[in-house]
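Geometric and topological summary
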Amino acid sequence: MADKAKNTWVEGVMGSLQGIDRALPGDALFSKIEQKLEAGLPVTKLVPIRMVTYAAACIAILLVLNLTLLKGYKNNATHHGDNLNAVIEYYGLTNDEGGFEL
Amino acid sequence: MLPENILEMVAAGDNMALRMFYEHYKARVYNTCLSYLQNVEEAEEVTQDVFVEVFQSASRFLGRSSVATWVYRISVNKCVDRIRYKGRQKRFAFISSIFGQTGEVIHDQHVFEHPGVKLENKERSKMVFAAIKQLPENQQTAFILRQIEGLSQREIAEIMDMTEKAVESLLQRAKANLRKILENFYNDNEGNKS
């Protein structure tokens, strides 16, 4: 009997949210939001952080690629010169002034 | 009904669009915040923060979910942040009071009355709101979005980024826990009257 009364009471309390309407904020809230927006960064001039990160990453990648390619090109150029000198020396193509004869 | 490109207009800072967007979502945002925080001033503050964030990040909206889901997600996150902040403040004040500093223990025992509850349910609903506060965070979210905001389980699943099954189970646990809390209340108060 006591349990039944308790269950009825609990059901009644749980059901008290049935048909609840949405609460509405005060009329002045929108102007407060506008003030906050004006006080902060202008909405239209905001650049998304993700975009900035992508841009920074792209610049970094381009820089690294350029440096790597430049280094590789330099090494290649040195090797290429060494090989050429070795061939010139091997075939005795140099003259007295150090230039090579064709 | 909002125009399809409302977010683009909002992102461009079109005042008319901001107002339209606000009018369309104000009740949903404020009602969610009020049900969570159970305090009019705090709900208004957090509602402001929600709209400021929505307006400022409109250009970043990727369209992976509906705009309503996105707005609800921001609202829930802001409310959870506020509740956690209040929790930290209470703990800090409690510790300060132990060590004899000026901090006062903040008692948050006020009885909340939701303005949207029907007149005949006003008194009983106060107990439900008091009980909601005692639920774990994710159960509170699911319960508020379902019972007070009237969203479907699918919508809640999208907002909370979980499966519908998980939401269903959360709601069941929330109701079971609320029942337990109310039964204890009955045993302590109503039961003694009879």
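Above this text you will find the structure in question.
Scope of this entry: the structure provided in the associated data block. Model, not experiment: these values are computed from the prediction. Each residue is numbered by its place in its chain's sequence as written, counting from 1. Labels follow written order: the first chain is A, the first ligand is 1, and so on. Owing to the predicted nature of the model, reporting of local features is limited to residues with pLDDT of at least 70; listing and counting of side-chain atom pairs is limited to 80 or more, with chain, interface and lining totals taken over all residues. Only hydrogens and water are set aside; all other atoms, that is, all heavy atoms of the structure, feed into the side-chain values.

**Overview of the overall build of chain B**
Secondary structure elements are taken from DSSP: a helix is a run of H or I of four residues or more, a strand is a run of E of two residues or more, and numbering for both begins at the N terminus. Counting secondary structure elements, chain B contains eight helices and zero strands. Mapped in sequence order, the helices and strands of chain B form the string α-α-α-α-α-α-α-α. Only protein chains enter the area calculation, which uses a 1.4 Å probe; residues under 20% of their type maximum are buried, those over 50% are exposed, and those in between are partly exposed. Each of the 194 residues in chain B was classed as buried or not, and the buried ones make up 45%. Restricting the contact set of chain B to residue pairs at least 6 apart, pairs at least 24 apart contribute 57%. Accessible areas in this description were obtained via Shrake-Rupley with a 1.4 Å probe; residue shielding takes into account the shown protein chains only. Just so you have it, chain B exposes about 10,500 Å², and 50% of that area is on carbon and sulfur atoms. Residue contacts are defined here by distance: any two heavy atoms, one from each residue, within 4.5 Å place the two residues in contact.

**As for the pattern of salt bridges**
Two side chains carrying opposite charge are able to pair once their charged atoms lie near each other. Residues and elements named next belong to chain B. Each salt bridge in this description consists of a side-chain nitrogen of Lys or Arg and a carboxyl oxygen of Asp or Glu lying within 4 Å of one another. Scanning the entire structure with this criterion turns up 14 salt bridges over all chains. Between Arg82 and Glu45 there is a salt bridge, and its shortest N-O distance comes to 3.0 Å. Here Glu45 lies in helix H3 (residues 40–56) and Arg82 lies in helix H4 (residues 67–98), a separation of 37 residues in the sequence. Here Glu53 makes a salt bridge to Lys78, at a shortest N to O gap of 2.8 Å.

**As for the nonpolar core**
Membership of the largest hydrophobic core comes to 69 residues, with the highest contact counts inside it found for Phe21, Phe55 and Ile132 of chain B. Element by element, the count of residues in this core is highest for helix H2 (residues 15–37) of chain B, at eleven residues. Residue types Ala, Val, Leu, Ile, Met, Phe, Trp, Tyr and Cys, when buried and joined through side-chain atoms within 4.5 Å, form a set referred to as a nonpolar core.

**Describing the side chain of Ser16 of chain A**
With respect to the helices and strands, the residue Ser16 of chain A is situated in the loop between helix H1 (2–14) and helix H2 (29–39). You can call Ser16 of chain A buried: its relative accessible area is 1%. Here the side chain of Ser16 of chain A touches Val13 of chain A through a polar contact of 2.6 Å, landing on its backbone oxygen. Setting aside anything within four residues of it in sequence, one finds Ser16 of chain A in contact with Val117, Asn121, Arg124, Ser125 and Val128 of chain B. Two N or O atoms form a polar contact when they lie within 3.5 Å of each other; inside protein one atom must be a possible hydrogen donor and the other a possible acceptor, and for residues adjacent in sequence the pair counts only when both atoms belong to side chains.

**Observations regarding the environment of Gly13 of chain B**
All names here are of chain B. With respect to the helices, strands and loops of the structure, Gly13 is situated in the loop between helix H1 (6–11) and H2. Overall, the relative accessible area of 27% leaves Gly13 in the partly exposed class. C-alpha of Gly13 to C-alpha of Asn77: the two residues are 64 residues apart in sequence and 24 Å apart in space.

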